[in-house]
Amino acid sequence: MALRAIGNLTLNQAASAPRPPTPKTVVSLRDVSKVFSSGTLALEHLDLDIYQGEILSLLGPSGCGKSTALRIIAGLGDTSSGRIIWPSGGDDHSSDVGFVFQEPTLMPWATVFDNVRLPSRLKGVSRNAAKDTVMHALDNVGLSAFAGAYPRELSGGMRMRVSIARAMVTKPKLLLMDEPFAALDEITRQKLNDDLIRIQHELGWTVVFVTHSVFESVYISDRIVVMAARPGRAFAEMIVDAPRPRTPEFRASAAYVDYCRQASATLTTAIGKAAETVDGH
Ligand SMILES: Nc1ncnc2c1ncn2[C@@H]1O[C@H](COP(=O)(O)OP(=O)(O)OP(=O)(O)O)[C@@H](O)[C@H]1O
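A brief look at the structure comes next. (Residues numbered from 1 in each chain as written. Predicted model: local features only at pLDDT ≥ 70, side-chain atom pairs only at ≥ 80, totals over all residues. Heavy atoms only, no water.)

Overview of the overall build of the protein
Thinking step 1. Tallying secondary structure elements over the protein gives eight helices and ten strands in all.
Thinking step 2. Evaluated residue by residue, the protein yields a buried proportion of 49% over its 281 residues.
Thinking step 3. For the protein, contacts bridging at least 24 residues in sequence account for 71% of all contacts bridging at least 6.
Thinking step 4. Accessible surface for the protein amounts to roughly 13,100 Å². Of this, 53% is attributable to carbon and sulfur atoms. (Helix = DSSP H or I, 4+ residues; strand = E, 2+ residues; numbered from the N terminus. Buried < 20%, exposed > 50% of the residue type's maximum accessible area, 1.4 Å probe, protein only. Contact = heavy atoms within 4.5 Å. Areas by Shrake-Rupley, 256 points an atom, 1.4 Å probe, with all protein chains shown as cover.)

So, in structure tokens, the structure goes:
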């Protein structure tokens, strides 16, 4: 386990802890700040590198700017200052990014197949040409038997799987997930965590995953960036170097408990620092 403090904050482990061999950077945020027109300073001096093939969690209290950071990476919101650097070059990265929201945002009048086909349709791909890709994505999330079903006929977990399949058909370089499983019951959430880990492993996805849950972030992540609020910023980074593929046995292991304890303590410190900032100490 390695914990690295960010900025001038000091935590209890070595700042020079070795990082596992991390390949190419997909995108970097440099000194990004965001002030909304209301005057809210949602992000201040955020530096973040996202590495190819990793699952990175942004873990933090409500209001620390996790969603704002995701939206900026996705190009759905602009920065007030700072830079977003895509080493692959170019200006428009909308087709590099897939987004999965907390709500599955499915079209209720369309079948599962047509919901998943939507991104291909928007690109002008015919139904027939898209068929194999759509069915493959549905197969990956275990829903090929439900291609003709309507969202109202599905459980919450199944709807979320449809949403993931829809993001999958665009073959994004980077998948951004904003608390996708937060509204689900614990067992369904754990199942979807396992599905995500499996699919990410098979397809080599790069994922940025926003969550409030220490347990979820430790289970799925290679790296966790703990954020603090007021203003939103990266507070500490934790490498979860437990072997992959992770299995439910990992959840029952002493190592998992240790990681969770460490992440939880870091989050508590981050929340405490934010409170100090507000109190003016
Ligand atoms: N469009 C907006 N206009 C004004 N303020 C905003 C807007 N969007 C977010 N904020 C504010 O920016 C701050 C960060 O919000 P953000 O949604 O990014 O936090 P978060 O960490 O994702 O929170 P949560 O975990 O509750 O979703 C909050 O104080 C929020 O009220």
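Quick notes on the environment of valine 208
Thinking step 1. Here valine 208 is to be found in strand β8 (residues 207–211).
Thinking step 2. The spatial distance from the C-alpha of valine 208 to the C-alpha of leucine 70 is 8.0 Å, given a sequence separation of 138 residues.
Thinking step 3. Leave out the neighbours within four places in its chain, and valine 208 touches Ile50, Leu56, Leu58, Leu70, Leu174, Leu175, Leu176 and Met177.

Describing the layout of surface pockets
Thinking step 1. By volume, the largest pocket amounts to about 410 Å³.
Thinking step 2. Forming the boundary of the largest pocket are 18 residues, of which Ser94, Val97, Gly98, Phe99 and Thr170 lie nearest the centre.
Thinking step 3. Elements with a contribution of two residues or more to the lining of the largest pocket: β6 (97–100), α2 (112–122) and α4 (156–168).
Thinking step 4. In terms of residue count, the dominant contributor to the lining of the largest pocket is β6 (four residues).
Thinking step 5. Taken together, the residues of the lining of the largest pocket sort by class into nine nonpolar, seven polar and two charged.
Thinking step 6. When residues of the lining of the largest pocket are assigned to domains, at least three fall in each of domain 1 (2–14 + 27–88 + 173–279) and domain 2 (106–171). (1 Å grid on protein atoms, 1.4 Å probe; cavity = no way out; pocket = protein on both sides within 12 Å on 5 of 7 lines; lining within 4 Å. Points joined across faces, edges and corners; volume = space filled by probe spheres on them. Nonpolar A, V, L, I, M, F, W, Y, C, P; charged D, E, K, R; others polar. Domains from an automatic or database assignment.)

What about the site of the ligand?
Thinking step 1. Around the ligand sit 14 residues, and of these Ser62, Lys66, Ser67, Thr68 and His212 come closest.
Thinking step 2. Between cysteine 64 and the ligand, the recorded distance is 3.1 Å, taken from a backbone N or O atom to an oxygen atom.
Thinking step 3. Contact between the ligand and serine 67: an oxygen atom at 2.8 Å from a side-chain N or O atom of the residue.
Thinking step 4. Relative to its unbound accessible area of 630 Å², the ligand is 61% covered by the protein chains. (Near = heavy atom within 4 Å. Polar contact = N/O pair within 3.5 Å; in protein donor to acceptor, adjacent residues only side chain to side chain.)

Here we look at the side chain of serine 163
Thinking step 1. Tracing the chain through its elements places serine 163 in helix α4.
Thinking step 2. The exposure class assigned to serine 163 is buried, which follows from its relative accessible area of 2%.
Thinking step 3. Not counting residues up to four positions away in its chain, the partners in contact with serine 163 are Val100, Pro104 and Leu106.

A look at the pattern of salt bridges
Thinking step 1. The full count for this structure, using the stated rule, is 14 salt bridges.
Thinking step 2. We note a salt bridge from aspartate 78 to lysine 34, for which the minimum N-O separation is 3.0 Å. Here aspartate 78 is found in the loop between α1 (66–74) and β5 (81–85), whereas its partner lysine 34 is found in strand β2 (residues 25–35), with 44 residues between them in sequence.
Thinking step 3. Aspartate 78 sits in the exposed class, given a relative accessible area of 52%.
Thinking step 4. You can call lysine 34 buried: its relative accessible area is 9%.
Thinking step 5. For arginine 223, the salt bridge goes to glutamate 237, with nearest N and O atoms at 2.8 Å. With a gap of 14 residues between them, arginine 223 in strand β9 (residues 223–228) and glutamate 237 in strand β10 (residues 233–239) connect regions that are remote in the sequence. Considered together, arginine 223 and glutamate 237 belong to a single accessibility category, that of buried residues.
Thinking step 6. Shared partners join several salt bridges into a network, and the residues in it are Arg161, Asp195, Arg198 and Glu202. (Salt bridge = Lys/Arg side-chain N within 4 Å of Asp/Glu carboxyl O.)

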